[in-house]
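# Descriptive structure summary
Residue strings, one per chain:
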Amino acid sequence: MIDRPVTGQGNKALLEISGITKSFDHTRVVDNISFDIRPGEIFGLIGPNGAGKTTTIRMVMDIIKPDTGQVKVLGEILSEATKDNIGYLPEERGLYKKLTVMQSLLYIASLKGVEEGRARQRAGELLEHVGMAAHRNKKVEELSRGMSQLIQFLTTIIHEPRLMIMDEPFANLDPVNTELLKEMLFELRGQGRSVILSTHRMNEVEELCDRIFMINKGRGVLYGELKEIKSRYRRNSVFLDYQGELGELKGVATRREQPGAAELILEDGTTPGQILEQLVRRGVTINRYEVSTPPLHDIFLQVVGESHE
Amino acid sequence: MKAMNKTYLIFRHEFVNTVKRTGFIIMTLVVPLVALLGIGIYHTVSGISKPVAEAEKVGYVDKAGGFDQFTSQGKITLVLFNNPDDANQALVRKEIKEYFVIPPDYISSGVVSRYTMQKELYPPPAVMNAINTFLLKNLLAGEVPAATAARIEAPLNLVTVTLTASGEVAPEQGGFGSFVFPGIFSLLLVLAIIFSSTYLLQGLGEEKENRLIEILLSSVSTGQLLTGKVLGIGTAGLVQVVVWVGSAPLLLNLASSSIGGFLSTVQLPAGFLILAIIYFILGYLLFAVISASIGAVSSSSREGQQLITIFTLPAVSPLWFISLLMMFPNNPVWIGLTIFPLTAPVAVMIRLGVTDVPAWQLAASIATLVVSIIAVLMITVRVFRIYLLMYGKRPGLGKVLVMAFKG
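Residues numbered from 1 in each chain as written. Chains lettered and ligands numbered in written order. Predicted model: local features only at pLDDT ≥ 70, side-chain atom pairs only at ≥ 80, totals over all residues.

On to the overall build of chain B. For chain B, the helix and strand inventory stands at 17 helices and 5 strands. Evaluated residue by residue, chain B yields a buried proportion of 32% over its 407 residues. Of all intrachain contacts in chain B linking residues separated by at least 6 positions in sequence, the fraction that spans at least 24 positions is 75%. (Helix = DSSP H or I, 4+ residues; strand = E, 2+ residues; numbered from the N terminus. Buried ≥ 20, exposed ≤ 12 C-beta atoms within 10 Å, placed from the backbone. Contact = placed C-beta atoms within 7 Å.)

Attention shifts here to the overall build of chain A. The number of helices and strands found in chain A is 9 helices and 14 strands. Across its three principal directions, the C-alpha atoms of chain A cover 75 × 50 × 40 Å. When each of the 309 residues of chain A is scored for burial, the buried share is 37%. Pairs at least 24 residues apart make up 69% of the contacts formed inside chain A by residues separated by at least 6 positions.

Below, the discussion takes up the domain arrangement of chain A. Taken domain by domain, chain A holds domain 1 (15–230) and domain 2 (235–292). The straight-line distance from the C-alpha centre of domain 1 of chain A to that of domain 2 of chain A is 44 Å. (Domains from an automatic or database assignment.)

Contact residues are listed per partner, giving 19 residues for chain B and 22 residues for chain A. At the level of elements, α1 (6–19), α8 (212–217) and α16 (359–388) of chain B are the ones that each hand at least two residues to the side of chain B that touches chain A. No other element matches the 4 residues that α8(B) contributes to the side of chain B that touches chain A. Residues of the side of chain B that touches chain A, tallied by class, amount to 10 nonpolar, 5 polar and 4 charged. (Nonpolar A, V, L, I, M, F, W, Y, C, P; charged D, E, K, R; others polar.)

With that out of the way, let us pick up the sheet that holds strand β14 (residues 285–291) of chain A. Residues and elements named next belong to chain A. Overall, antiparallel pairing links the 4 strands, which are arranged β12-β13-β11-β14 in an open sheet. Looking at which strands have only one partner, the edges of the open sheet turn out to be β12 (252–258) and β14. Adjacent strand axes in the sheet meet at a mean angle of 20 degrees when their direction is disregarded. Relative to strand β13 (residues 261–266), β12 is paired through 6 bridges, and the arrangement is antiparallel. Within β13, the position partnered with Thr 254 by the bridge is Ile 265. Against the sheet, helix α8 (residues 272–282) engages β11 (237–243), β12, β13 and β14, with an angle of about 175 degrees to β14. (Pairing = 2+ DSSP bridges. Axes fitted to C-alpha atoms, helices over the stretch in contact; angles between N-to-C directions.)

If you look at the biggest cluster of nonpolar residues, it comprises 130 residues, and the most contacted ones within it are A:Ile158, A:Ile165, A:Val195, A:Leu197, B:Val289 and B:Met349. Top contributing element to this core by residue count: helix α11 (residues 272–297) of chain B, with 15 residues. Beyond its immediate chain neighbours, meaning those up to four positions away, A:Val195 contacts A:Ile42, A:Phe43, A:Met164, A:Met166, A:Leu185, A:Leu188 and A:Arg189. Counting residues in each nonpolar core, the second largest holds 16 residues, with B:Val58, B:Leu78, B:Phe100 and B:Val127 among its members. (Core = buried A, V, L, I, M, F, W, Y, C linked by C-beta atoms within 7 Å.)

Before going further, it helps to examine the environment of A:Ser194. Residues and elements named next belong to chain A. Position of Ser 194 among the secondary structure elements: in strand β8 (residues 194–198). Sequence separation between Ser 194 and Phe 43 is 151 residues; the distance between their C-alpha atoms is 7.5 Å. Excluding anything up to four places from it in sequence, Ser 194 contacts Leu 14, Ile 37, Arg 38, Pro 39, Gly 40, Glu 41, Phe 43, Arg 162 and Leu 163.

Further remarks concern the pairing of strand β10 (residues 219–225) of chain A. Residues and elements named next belong to chain A. Two elements, strand β9 (residues 211–216) and β10, share 6 bridges in a ladder whose sense is antiparallel. The partner of Arg 211 across the bridge, within β10, is Glu 225. The turn joining β9 and β10, which pair antiparallel and follow one another in sequence, is formed by 2 residues; a positive phi near 50 degrees is taken by Lys 217.

Let us look at the sheet that holds strand β5 (residues 113–116) of chain B. All names here are of chain B. As summarised here, the arrangement of the 5 strands in space is β2-β3-β1-β4-β5, forming an open sheet in which the pairing is mixed. Every other strand in the sheet has two partners, leaving β2 (72–73) and β5 as the edge strands with one partner each. Of the strand pairs in this sheet, strand β1 (residues 56–62) and strand β3 (residues 76–81) are connected by 6 bridges, and their pairing is parallel. Directly across from Val 58, in β3, lies its bridge partner Leu 78. On top of the sheet, helix α3 (residues 84–92) reaches β1, β3, β4 (98–102) and β5; it is set at about 165 degrees to β1, its chief contact. Lying over the sheet, helix α5 (residues 125–140) contacts β1, β2, β3 and β4, oriented at roughly 60 degrees with respect to β3.

With that settled, the discussion passes to the environment of A:Leu246. Residues and elements named next belong to chain A. For Leu 246, the position within the fold is in the loop between β11 and β12. Residue class for Leu 246 comes out partly exposed when judged on the 16 C-beta atoms lying within 10 Å of it. For the pair Leu 246 and Gly 283, spaced 37 residues apart in sequence, the C-alpha separation works out to 9.4 Å.

Turning our attention to the packing of α11(B) against helix α12 (residues 301–320) of chain B. All names here are of chain B. Here α11 crosses α12 at 155 degrees, and the two axes come no closer than 9 Å. By the angle between their axes, α11 is roughly antiparallel relative to α12. Here α11 and α12 pass one another in a crossing that is right-handed. Contacts between α11 and α12 involve Phe 287, Ile 290, Ser 291, Ile 294 and Gly 295 on the former and, on the latter, Gly 304, Leu 307, Ile 308, Phe 311 and Ala 315. (Parallel < 35°, antiparallel > 145°, perpendicular 65-115°, else oblique. Left-handed = near helix turned anticlockwise from the far one by under 90°.)

This is the structure:
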């Protein structure tokens, strides 16, 4: 186990962001954004470049102050004390090059209020967990990029924070370490801790996130359960693996066919059930019948496209 | 167990990492080594030019007559020859080192011809001195009493006494001696300011370039970060100065045979040490907060180094005009330099060694320093977060001030 489970917090929101706004040079970078993070979830903060994700994260981290609105962590307005409950992995990684792996972990842990003996023990366990115990006395400058990224990930969780904010955590990692990190994220979630995952990689969001918030041009454009959003954006089409002849089908506008498989795009007002009924009546053997939900990638492009119009 | 104070944690981190830097260790050792080298060179040079190490014989031919007494002048013995040929042969045989001829018309012309095998730009002072005294004493012999002759030989032994406004003997008598320590202190202050501001800028630059600053600011407040950094690096600078000052007794011991006598005449102005410490701390703090603000607004540590020069040059500037200060210690320009915060620390230290600095000027200069430190610190804390995160963009001065007042 990489962390102790969190106890006694109920279902109270870990983080509440209400109506935060930030302008630089008369340009609104973040415009009236609100969302909350619940205990034990992986939350995707997504959006195109320059949408305002990093500015939002910096306000959550108290690196910059919002012009209006407020950020509450564990029900309290952000303060020096609440900072100890948050772990932050910025997009561009940095550690002190001259410090050793152990010194880096201990220094960041100390700034997060972890007592030295406990920090030493945690650092040892975490290094063991990611298979880097042998490198504990190496200087950061001697590590490979992927290794130093793993260390930075450990600095984000060494103080057992309830909320972690990770900006593109998988960039530069090989597949083995990517899997290791994903496992650790699931483990953290299982303990009731929450992770805000800021990324461009929609497949990671689909794989990891429970809920998402999508920001574009400083405004929130999508917010909610990933499953619910996907069903909201489903196209009126079905995927079909079959044997036999499809023939003419009522209510199908167009179809894309391959031998033994097809995607049927339905006319407005036609339901997938009505099509299935016709197929069954014709005696077509159906191996798969799936209402298609678009990949998040497509939803992303669609929503960004809409807000450009 | 309660975690340690975060300011202290940053202080400790900055202190330990500054002290462990190779550049810091080299600089700490180099200054005493350079001083040691200086003493070595002084000894060697003064050893070379030391006029007479062993007893020497100098020949002379007396054509004027009457120069036959006082032939022993310190380590130089004057040997009379009857004619130049004999003296020349003795010189060739190396029985004498050189010889001189007093011509018959010496009394009217004063000309004395000197013959030597050495190539030299200028006659050695010891030989000149010996010949001079020999001629003088022989000329005066029998004419005036011996005591008068001795006085003619060295007529002036000047003793200056500085009086206070009320006509009493002043406690500090000035002179080069009392100038030495203020001079050394102001040099050390300048070195400490330059090195510390460099370390501060390099550190901030590194943290800005690799985004560590975001992790730091997500863990501690701007105030804690700045205070920890300024004090940590400042303490490292102080350790450096303590090492330099601490090595002084050893160096002075080595130097005592040559310059030690001079240093023993040193009298420090009353309260100098207290003022030196006050100005040292205020001077360092001012430049540290300026460095921090420059670190915040500049896009790279290199740009920061260039910008900070605008501020460190005025700090050093009083040292450039040190000779002018010695000649005109009470020129109004010095009052300006004493009160202007950037030049104050060094200007005051130098002036204290040369002249009295009126209390109102000290008060005004300390007050402006304190006000400047607080003002720069406040501006820095307010703009720090905003501009630290604007990588690659440096705001104009106007914008920084607007931000500072807007918050």
